[in-house]
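# Secondary and tertiary structure notes
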Amino acid sequence: MSQPASADDTLQLDAPDGAAPRAGAVRSECRGLARAAMRLDSESVQEHLNAFVREHGVVAAWEEVMMPTLHAVGRKWETAGDRFVEVEHLLSWHVSTALRNAPLLLDRRPPVRGVPPVLLACVPGEQHTLPLEAVYAALTLAGLPVRMLGAAVPAEALTESVRRTGPAAVMLWSQSRSSASTPLAAHLARTAWGLKGARQYPRVHLAGPGWGPTSIEGTKRPGGLREAMAGFNELLSPARDTN
Ligand code: B12
């Protein structure tokens, strides 16, 4: 049974970095979602998330509703002495569900054929998958080919996946400094795929706060979902015109 909210059960919502203040409707959507999460009201959490994805699309849903609510939950956990872990788990599960359901809630663009996929993976030891799930949903809706390996992918499996899938780009998510591995990123950027004489190398995108100010030659460092999508579109969409 869901619990009623009390004064202690509120979440402080922030504005997305660099974004204009949210419009009233979005702000109230965030508040509704945050309250439902604090009450552990699964049905209402999922309804809020699905409605926002349906009305505004994945990128806006991630940046304007999911991200600020996750930040608020993270802050709550940090300041409340390890309490509200259950809220973080419940909200994460429903955010993931909404993102995975996005291709069922929205129209997809026709698939772009004949281009290499984007490979998405969390670095070893990294369990924070949600931003990559948002990328997966956005790429799928854009009709771009994508392979998702999910949480905590071992280094050898990452190398093998590059050889087997021949990706145009690999996005590596690291949420905290302890999981970011510069040698692994550099190794992947040097991992060739394709036939002898026509070898290609993936463009490595370092994503997430774990990478800090890291810069490795030949890698990209997108700051958000919108920017990441713009990079992938630039890399892959010219092929769309020839389809
Ligand atoms: C959801 C969540 C979980 C879920 C993850 C579920 C899942 N499937 O992903 C679960 C419950 C599993 C979890 C576990 C843990 N978590 Co956690 N978690 C979070 C939470 C609330 C959101 C994470 C998230 O999705 N962040 C992504 C977005 C929302 O946030 P962001 O990274 O700050 O966004 C910035 C950039 O990354 C960028 N950005 C945003 N979106 C995108 C998208 C793309 C494509 C790009 C390129 C950039 C980009 O823009 C933002 C502004 O700069 C955060 C709070 C927070 N502030 O992030 C804590 C948080 C990340 N977790 C934390 C911790 C400590 C843990 C645990 C160790 C807790 C524990 N004791 O079990 C474990 C670690 C597990 C592991 N080994 O990885 C700490 C990390 C502290 C640190 N810096 O090391 C945080 C910050 C909470 C806190 N306030 O202390 N967590």
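Since we're looking at a predicted model, the values are computed, not measured. (Residues numbered from 1 in each chain as written. Predicted model: local features only at pLDDT ≥ 70, side-chain atom pairs only at ≥ 80, totals over all residues.)

### Thoughts on the sheet that holds strand β5 (residues 219–220)
Taking strand neighbours across the sheet as the criterion, the five strands line up as β2-β1-β3-β4-β5 in an open arrangement whose pairing is parallel. In this open sheet, the two strands that pair with only one neighbour each are β2 (146–148) and β5. Pairing of strand β1 (residues 118–122) with strand β3 (residues 169–173), which is carried by five bridges, proceeds in the parallel orientation. Residue Cys122 lies in a different strand from β3, and its bridge partner there is Trp173. Its contacts with the sheet put helix α5 (residues 155–165) on β1, β2 and β3, and the angle it makes with β1 is roughly 170°. Relative to the sheet, helix α6 (residues 182–189) contacts β3, β4 (203–207) and β5, its axis offset from that of β4 by approximately 155°. (Pairing = 2+ DSSP bridges. Helix = DSSP H or I, 4+ residues; strand = E, 2+ residues; numbered from the N terminus. Contact = placed C-beta atoms within 7 Å. Axes fitted to C-alpha atoms, helices over the stretch in contact; angles between N-to-C directions.)

### Considering the pairing of β1
In the case of a regular strand, side chains alternate between the two sheet surfaces. In terms of residue burial, β1 counts as a mostly covered element, since five of its five residues are buried. Residues Val118, Leu120 and Cys122 of β1 are buried on one face, and the alternating residues Leu119 and Ala121, pointing to the opposite face, are buried as well. Across three bridges, the pairing between β1 and β2 is parallel. Its bridge partner lying in β2, Leu120 is registered against Met148. Regarding the hand of the β-α-β motif, the stretch spanning β1, helix α4 (residues 130–141) and β2 is right-handed. (Buried ≥ 20, exposed ≤ 12 C-beta atoms within 10 Å, placed from the backbone. Right-handed = clockwise from strand over helix to strand, strands pointing away.)

### Some details on the packing of helix α2 (residues 42–79) against helix α7 (residues 225–236)
Two numbers describe how α2 lies on α7: the axes approach to 10 Å, and their chain directions differ by 150°. Taken together, the axes of α2 and α7 lie roughly antiparallel to each other. Side by side, α2 and α7 meet where Val59, Trp62 and Glu63 of the first sit next to Leu225, Arg226 and Met229 of the second. Here the residues of the contact of α2 with α7 are counted per class, giving four nonpolar, no polar and two charged. (Parallel < 35°, antiparallel > 145°, perpendicular 65-115°, else oblique. Nonpolar A, V, L, I, M, F, W, Y, C, P; charged D, E, K, R; others polar.)

### Examining the confidence of the model for the protein
Of the residues in the protein, 88% have a pLDDT of 70 or more, and the chain-wide mean is 89. Long-range and interchain partners of residues 16–21, a stretch whose pLDDT sits below 50, account for six contacts in this model, where long-range means more than four residues apart. (pLDDT = per-residue confidence, 0-100.)

### Comments concerning the site of the ligand
Neighbouring the ligand are 30 residues, the closest being Gly74, Glu78, Gln127, Ser176 and Ala207. Only α2, α3 (85–105), α4 and α7 provide two or more residues apiece to the shell around the ligand. Ranked by the residues each element gives to the shell around the ligand, the list is headed by α2, at eight residues. Residue classes in the shell around the ligand are distributed as twelve nonpolar, 13 polar and five charged. Both domain 1 (7–105) and domain 2 (118–241) contribute no fewer than three residues apiece to the shell around the ligand. (Near = placed C-beta within 6 Å. Domains from an automatic or database assignment.)

### Here we look at α5
Those residues of α5 lying buried are Leu158, Ser161 and Val162. The buried residues of α5 occupy an angular sector of 100° when projected down its axis, which confines them to one face. Facing away from the buried side of α5 by over 90 degrees, the exposed positions are Glu156, Glu160, Arg163 and Arg164. Packed against the buried residues of α5 are β1, β3 and α6. Two residues or fewer after α5 comes Gly166, characterised by a positive phi angle close to 55°. (Arc of directions from axis to C-beta.)

### Points about the packing of α3 against α4
In a pair of packed helices, the angle between the axes and the distance between the axes together describe the arrangement. Two elements in contact, α3 and α4, have axes whose closest approach is 8 Å; the angle formed by their N-to-C orientations is 15°. Taken together, the axis directions place α3 and α4 in an arrangement best described as roughly parallel. Between α3 and α4 the crossing geometry is left-handed. Of the residues in α4, those in contact with Ser92, Val95, Ser96, Leu99, Arg100, Ala102 and Pro103 of α3 are Leu130, Glu133, Ala134, Ala137, Thr140 and Leu141. (Left-handed = near helix turned anticlockwise from the far one by under 90°.)

### Some remarks on the pairing of β3
Burial runs high along β3: five of the five residues are buried. Along β3, one buried face is formed by Ala169, Met171 and Trp173 and the opposite face, lined by Val170 and Leu172, is buried too. Two strands pair when backbone bridges link them, and β3 and β4 are joined in this way by five bridges, in the parallel orientation. Looking across to β4, one finds that Val170 is bridged to Val204. Taken together, β3, α6 and β4 form a β-α-β motif whose crossover is right-handed.

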